[in-house]
Amino acid sequence: MPMTPEQMGFPQVAQLARLDRIRQLKGGKEEVETVWIISSLGPEKADAARLLELARQYWSIEKGTHQRLDVSAGEDRCRVRHPVATTVLGILRRAVQGEYRAWARRQRRARDSTCPAFLEKMSRRVDSVLRYLLGDVSRL
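The structure presented is a predicted model; accordingly, all values stated were derived computationally and were not measured.

Conventions adopted
- Residue positions are given per chain, counting from 1 as you read along its sequence in written order.
- The predicted origin of the model limits local features to residues at a pLDDT of at least 70 and limits the giving and counting of side-chain atom pairs to 80 or more, whereas totals for whole chains, interfaces and linings rest on all residues.
- Each side-chain value is worked out from all heavy atoms of the structure, with water and hydrogens disregarded.
- By definition, no residue in a patch forms a salt bridge, and every one has over 30% relative accessible area; like charges are joined within 9 Å, nonpolar side chains (Val, Leu, Ile, Met, Phe, Trp, Tyr) within 5 Å.
- The Shrake-Rupley method, run with a 1.4 Å probe, gives the accessible areas here. Residue values count only the displayed protein chains as cover.
- By salt bridge we mean one thing: a side-chain nitrogen of Lys or Arg within 4 Å of a carboxyl oxygen of Asp or Glu.
- Each helix corresponds to a stretch of at least 4 residues labelled H or I by DSSP, and each strand to a stretch of at least 2 residues labelled E; elements are numbered beginning at the N terminus.
- Each residue is assigned to one of three classes by its accessible area relative to the maximum for its type, calculated with a 1.4 Å probe on protein chains only: buried under 20%, partly exposed between the two thresholds, exposed over 50%.
- Note on definitions: a residue-residue contact is assigned when non-hydrogen atoms from the two residues lie within 4.5 Å.
- In protein, a polar contact requires one atom able to donate a hydrogen and another able to accept it; more generally it is a pair of N or O atoms within 3.5 Å, and residues adjacent in sequence count only if both atoms are side-chain atoms.
- Take the residue count of a helix, subtract one, and multiply by 1.5 Å to get its expected span.
- Fitting one axis to the seven residues ending at a residue and another to the seven starting there, the bend at that residue is the angle between the two axes.
- pLDDT is defined as a per-residue confidence score from the predictor, taking values between 0 and 100.
- To obtain each axis, a line is fitted to C-alpha atoms, and for helices this fit is confined to the stretch in contact; angles are then taken between N-to-C directions over 0 to 180 degrees.
- Any angle that is under 35 degrees is reported as roughly parallel, and any over 145 degrees as roughly antiparallel; angles of 65 to 115 degrees are reported as roughly perpendicular and all others as oblique.
- Charged means Asp, Glu, Lys or Arg here, nonpolar means Ala, Val, Leu, Ile, Met, Phe, Trp, Tyr, Cys or Pro, and polar covers whatever is left, Gly included.

A. Just a nonpolar patch on the surface, in detail. A contiguous nonpolar surface patch, about 510 Å² in accessible area, is contributed by Met3, Met8, Phe10, Leu16 and Ile38. With respect to the element layout, methionine 8 can be found in the segment before strand E1 (15-24). Looking at methionine 8, the relative accessible area reads 41%, which means it is partly exposed.

Spelled out as structure tokens, the structure:
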């Protein structure tokens, strides 16, 4: 007999949906990955098309912000475990990412707006970076 969401410890679940992702591999083969969507939205608020849209929005966020933090800031490799330290480091990483994006938009040439160029420029301006973090500088 199937269990209800309440019996499983998820009383707020209104829908479960199965999403099959199919990837085309070399040689004409396909790989199928099945994921499950758990939603508190009822069918009247989120039909199948809306659930698919929400799943795609989630991955656009994951590929945008989170990937940047993972790749350029090494967030996943960080082994700091103290709750306060992880929060402070997370805030600093996001602040640096925001500054990088603002700085990159101001660059005239694409080759000047790379992350390594930004890090190299900021490494020469440690005093300005520290003043910024302490609130004395409005823009780097």
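After presenting the structure, the write-up continues.
B. Highlighting the environment of leucine 69. Summarising the element assignment, leucine 69 is placed in helix H1 (residues 48-72). Once residues within four sequence positions are removed from consideration, leucine 69 is found in contact with Gly74, Glu75, Arg93, Arg94 and Gln97.

C. Examining the side chain of serine 113 more closely. When you line up the elements, serine 113 lands in the loop between helix H2 (83-106) and helix H3 (115-123). The class for serine 113 is buried, based on a relative accessible area of 19%. Within polar-contact distance, the side chain of serine 113 engages the backbone oxygen of alanine 110 at 2.8 Å. For serine 113, the contacting residues outside a window of four places in its chain are Tyr100, Trp103, Ala104 and Gln107.

D. Examining H1 more closely. The terminal C-alpha atoms of H1 lie 35 Å apart, and with 25 residues this matches the ideal 36 Å at 1.5 Å per residue to within 8%. The largest bend along H1 reaches roughly 40 degrees and is located at histidine 66. Within H1, burial applies to Leu51, Ala55, Gly64 and Leu69. Tucked into the core, H1 has its buried residues touching E1, strand E2 (30-39) and H2. Just downstream of H1, glycine 74 is the residue with a positive phi angle, here 60 degrees.

E. Looking closely at the confidence of the model for the chain. Overall, the predicted model of the chain reaches an average pLDDT of 83, with 93% of residues at or above 70. Across the chain, the element-wise mean pLDDT spans from 73 in helix H4 (residues 126-133) up to 92 in E2.

F. Representation of the packing of H1 against H2. At a minimum axis distance of 11 Å, the contact between H1 and H2 shows a crossing angle of 100 degrees. Considering the angle they form, H1 stands roughly perpendicular to H2. Together, Arg68, Leu69 and Ser72 of H1 and Arg93, Arg94, Gln97 and Arg101 of H2 make up the contact between the two elements. For the contact of H1 with H2, the residue count by class is one nonpolar, two polar and four charged.

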